[in-house]
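Below are the chains, spelled out letter by letter.
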Amino acid sequence: GEAGPLAVTFQRGRSLRNGASVLVHLGSFATAEEAATAYARSEYGRADAAKLLQPRAAPTAAGAEVIRQAGRQGLTLTSSSSSSTGYKGVCYDPKGRGSKKYKLQATVGGNSVGLGMFATAEQAALFYARREAGRDTSDLTAPPPPPPPPPAPSSAAGAELG
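Quantities reported herein were computed from a predicted structural model and do not represent experimental measurements. (Residues numbered from 1 in each chain as written. Predicted model: local features only at pLDDT ≥ 70, side-chain atom pairs only at ≥ 80, totals over all residues. Heavy atoms only, no water.)

**Side note on the pattern of salt bridges**
Cut-off, in case you're wondering: Any carboxyl oxygen of Asp or Glu that lies within 4 Å of a side-chain nitrogen of Lys or Arg is treated as forming a salt bridge with it. Helix and strand assignments follow DSSP, with helices taken as H or I runs no shorter than four residues and strands as E runs no shorter than two, numbered in order from the N terminus. Only protein chains enter the accessibility calculation, which uses a 1.4 Å probe. A residue is then buried if its area is under 20% of the maximum for its type, exposed if over 50%, and partly exposed in between.
All chains considered together, the criterion is met by three salt bridges. A salt bridge links Glu 65 to Arg 68; the nearest nitrogen and oxygen atoms lie 3.1 Å apart. With Glu 65 and Arg 68 both in helix α3 (residues 61–72) and three residues apart, this pair spans about one turn of that helix. Glu 65 gets classed as partly exposed once you look at its relative accessible area, which sits at 34%. Residue Arg 68 is classed as partly exposed on the basis of its relative accessible area, which comes to 46%. Here Arg 131 ties to Glu 132 by a salt bridge, and the two come within 3.4 Å at their closest N and O atoms. Several salt bridges share partner residues, and in doing so they unite Glu 65, Arg 68 and Arg 72 into one network.

What follows is the structure, encoded as structure tokens:
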């Protein structure tokens, strides 16, 4: 059809040189359907479709336990096809401190807000699911409990018979 009022321009990744977003313009189209078809046929649309077909890595043992925990609590971890982790709002941050490499972000009042760093993508997704359901999240954000004190020496061993 003729070029119309719908222009297809989107952000694509970050350039290596200065970190700025790269804008890609595919043209102007008369209908949303024509615009969507143009994107789907573009190299970008084909690459995005191929990413969706790739299987997600199996969760670690800790991640699998979190998935079971969510099921026991009647919660579903919200998946996302646009996130590399597979979960809504969760991204991998290799610069995260210590073992916490998964960052959870959510939109609150139109602003992106960091909700914490987690050891697994599944823990972050469980926090998100609980938060959305209005449930307690303190066990996921609280620092780990201190190790138990060493056992006290037995008083019977040092007692003398008199």
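**What about the side chain of Arg 130?**
Selection criterion: Whenever two N or O atoms come within 3.5 Å, that pair is a polar contact, provided that in protein one can donate a hydrogen and the other can accept it, and provided that, for residues adjacent in sequence, both atoms are side-chain atoms.
Tracing the sequence through the fold places Arg 130 in helix α4 (residues 121–132). Of the residues examined, Arg 130 reaches a relative accessible area of 4% and is grouped as buried. In terms of polar contacts, Arg 130 uses its side chain to reach the side chain of Gln 73, at 3.1 Å.

**With respect to the nonpolar core**
Put simply, the test is: Among the buried residues, those of types Ala, Val, Leu, Ile, Met, Phe, Trp, Tyr and Cys that are joined through side-chain atoms within 4.5 Å form a nonpolar core. Contacts between residues were defined by any pair of non-hydrogen atoms, one from each residue, lying within 4.5 Å.
With 18 residues, the main nonpolar core has Leu 77, Tyr 87, Val 90, Leu 104, Phe 118, Leu 126 and Phe 127 as its most contacted residues. Counting residues per element, the ones that place at least two in this core are α3, β4 (102–108), β5 (111–118) and α4. Considering every element that reaches this core, the biggest residue donor is α4, with seven residues. When neighbours within four sequence positions are excluded, Leu 126 is seen to be in contact with Val 66, Gln 69, Ala 70, Gln 73, Leu 75, Leu 77 and Leu 140.

**Section: the pairing of β5**
On any regular strand, side chains alternate: one points to one face of the sheet, the next to the other face. The line we're drawing: When DSSP finds at least two bridges between two strands, those strands are taken to pair.
As paired elements, β4 and β5 share seven bridges and run antiparallel to each other. What sits directly across from Leu 104, in β5, is Gly 116.

**Side note on the packing of aromatic side chains**
Selection criterion: Only the six-membered ring of Trp is used, alongside the rings of Phe and Tyr, when aromatic pairs are assigned; centres must lie within 6.5 Å, and planes under 30 degrees apart are stacked while those over 60 apart are edge-to-face, with the rest tilted.
Summed over all chains, the structure comprises two aromatic pairs. Both rings, one in Phe 118 and one in Phe 127, keep their centres 5.5 Å apart while their planes meet at 50°; by these two values the pair is tilted. The exposure classification of Phe 118 matches that of Phe 127, with both residues buried.

**Brief notes about the sheet that holds β4**
The cut-off we apply is this: To get an axis, fit a line to the C-alpha atoms, keeping to the stretch in contact for a helix; angles then go from 0 to 180 degrees between the N-to-C directions.
Read across the open sheet, the three strands follow the order β3-β4-β5; overall the sheet is antiparallel. Two strands bound the open sheet, and with one partner strand each, they are β3 (90–92) and β5. The mean angle between the axes of side-by-side strands here comes to 30°, regardless of whether they run parallel or antiparallel. Most of the contacts of α4 go to β4, to which it runs at about 25°, and overall it touches β3, β4 and β5.

Interpretation note: all reported values are geometric properties and have no functional meaning in isolation.
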